[in-house]
Amino acid sequence: MATPKDLPDVGGFIRDLRRNAKISLRQLAEQAGVSNPYLSQIERGLRKPSAEVLQQLASALRVSTPAMYLRAGLLDDKEGHGVLAAIAVDADLTMAQKQSLSQIYETFRRENTRVAEAQAEAEAAQADQPASQAANLANVAATGPTTVGGTPTEAVLESVAVTEAGTAPAPGSTSIPQKKKAAEAAEEETS
């Protein structure tokens, strides 16, 4: 059996998250589907949890699984998982804020990957198409999706909001049918 010095400090990380969430050891064990003594041993650094148990604990504590894996030493710090871990351990953030930041960060990373792939496709298409068409493809690939009058970042944030809240329009925006109804009502008033 490994000594506590050999194991990453995942137990302390889990204990800090549990305390910040203001739940007892017994409650967390029940929510994660592990035994109370086993969780206690994990928190004290006497046991190293499996990836499955880490996933269950991450879910119960409402943190990202990659952040938990990173802290346990199952992932290296490549590809930005250090950011997720930093968000997860920030004591000044609520659980909801941590979830939102993690989701936004992951959305930005996926969007950047998509843009890079689109740029590669545009560069490949550039050899097969006239210069003006290839330039238009490269420009679309570089900027990504945009809102009607906005920026690519606003489009990504809007997609996160839609993911979290459903398909309802964002505050302050009106759908086309609502605009038509408003225009018809204004036209009737003037008649």
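Our structure's up above, just so we're on the same page.
Analysis parameters
- Residues numbered from 1 in each chain as written.
- Predicted model: local features only at pLDDT ≥ 70, side-chain atom pairs only at ≥ 80, totals over all residues.
- Heavy atoms only, no water.
- Helix = DSSP H or I, 4+ residues; strand = E, 2+ residues; numbered from the N terminus.
- Buried < 20%, exposed > 50% of the residue type's maximum accessible area, 1.4 Å probe, protein only.
- Contact = heavy atoms within 4.5 Å.
- Areas by Shrake-Rupley, 256 points an atom, 1.4 Å probe, with all protein chains shown as cover.
- Salt bridge = Lys/Arg side-chain N within 4 Å of Asp/Glu carboxyl O.
- Arc of directions from axis to C-beta.
- Polar contact = N/O pair within 3.5 Å; in protein donor to acceptor, adjacent residues only side chain to side chain.
- Core = buried A, V, L, I, M, F, W, Y, C linked by side-chain atoms within 4.5 Å.
- Expected span 1.5 Å × (residues − 1).

Trainee: I'd like to hear about the overall build of the protein chain, residue by residue, with values.
Mentor: When you go through the protein chain residue by residue, the secondary structure sums to 10 helices and 0 strands. Starting at the N terminus and ending at the C terminus, the protein chain contains elements arranged as α-α-α-α-α-α-α-α-α-α. Within the span of the protein chain, comprising 191 residues, buried residues form 29% of the whole. In the protein chain, the share of contacts with a sequence separation of at least 24, taken over all contacts with a separation of at least 6, comes to 48%. Carbon together with sulfur atoms contributes 52% to the accessible area of the protein chain, which is approximately 12400 Å² in total.

Trainee: Can you tell me about the pattern of salt bridges, naming the residues and giving the values?
Mentor: Under the criterion given, the structure shown has 2 salt bridges. A salt bridge links Arg18 to Glu43; its shortest N-O distance comes to 2.7 Å. Of this pair, Arg18 sits in helix α1 (residues 10-21) while Glu43 sits in helix α3 (residues 36-43), and the two are 25 residues apart along the sequence. In this structure, Glu111 and Arg114 form a salt bridge, with 2.8 Å as the shortest nitrogen-oxygen distance. Taken together, the residues Glu111 and Arg114, both in helix α7 (residues 95-126) and 3 residues apart, mark about one turn of the helix.

Trainee: Quick rundown of α3? Include the residues and the values.
Mentor: Inspection of α3 places Leu39, Ser40, Ile42 and Glu43 among the buried residues, and these make up the whole buried set. All buried residues of α3 fall inside an arc of 160° around its axis, so they share one side. Tucked inside the fold, the buried residues of α3 contact α1, α2 (25-32) and α4 (51-61). Looking at where α3 begins, the residue whose side-chain oxygen comes 3.2 Å from the main-chain nitrogen of Tyr38 is Ser35.

Trainee: Lay out the nonpolar core with the relevant residues and their values.
Mentor: Nonpolar side chains in soluble globular proteins tend to end up buried together. Judged by nonpolar contacts, the single largest core of 27 residues is most densely connected at Ile14, Leu28, Leu39, Leu57, Leu61 and Met68. Considering every element that reaches this core, the biggest residue donor is α4, with 6 residues.

Trainee: Tell me what's going on with α7, and back it up with residues and numbers.
Mentor: Compared with the 46 Å implied by 1.5 Å per residue over 32 residues, the 46 Å span of α7 between its first and last C-alpha is a close match. Those residues of α7 that fall on the buried side of the exposure criterion are Met95, Lys98, Ser102, Tyr105, Thr107, Glu111, Val115, Ala118, Ala122 and Ala125.

Trainee: Hey, could you go over the environment of Glu111 for me, with residue numbers and the actual values?
Mentor: Looking at Glu111, the relative accessible area reads 16%, which means it is buried. There is a polar contact of 2.8 Å between the side chain of Glu111 and the side chain of Arg114.

Trainee: Describe in detail the side chain of Ser64, supporting the description with residues and values.
Mentor: Its location among the elements puts Ser64 in the loop between α4 and α5 (65-72). The buried category is assigned to Ser64, whose relative accessible area is 18%.

Trainee: Kindly report on unusual backbone geometry, identifying the contributing residues and their values.
Mentor: Its identity as a non-glycine residue notwithstanding, Lys22 has a phi of 60°, on the positive side. Note on placement: Lys22 falls in the loop between α1 and α2. The residue Arg62 is not glycine, and still its phi comes out positive at about 60°. Mapping Arg62 onto the fold places it in the loop between α4 and α5. Exposure remark for Arg62: the relative accessible area of 52% places this residue in the exposed category.

Trainee: Give me the lowdown on the environment of Val63, citing residues and values where you can.
Mentor: Among the secondary structure elements, Val63 is positioned in the loop between α4 and α5. A residue is classified by how much of its surface remains accessible, and Val63, at 12% relative accessible area, is buried. With 25 residues separating them in the primary sequence, Val63 and Ala88 have C-alpha atoms 6.2 Å apart. Sequence-distant contacts of Val63, defined by excluding residues within four places in its chain, comprise Leu17, Ala58, Met68 and Ala88.

Fair warning: the whole summary comes from geometry, so function is off the table for now.
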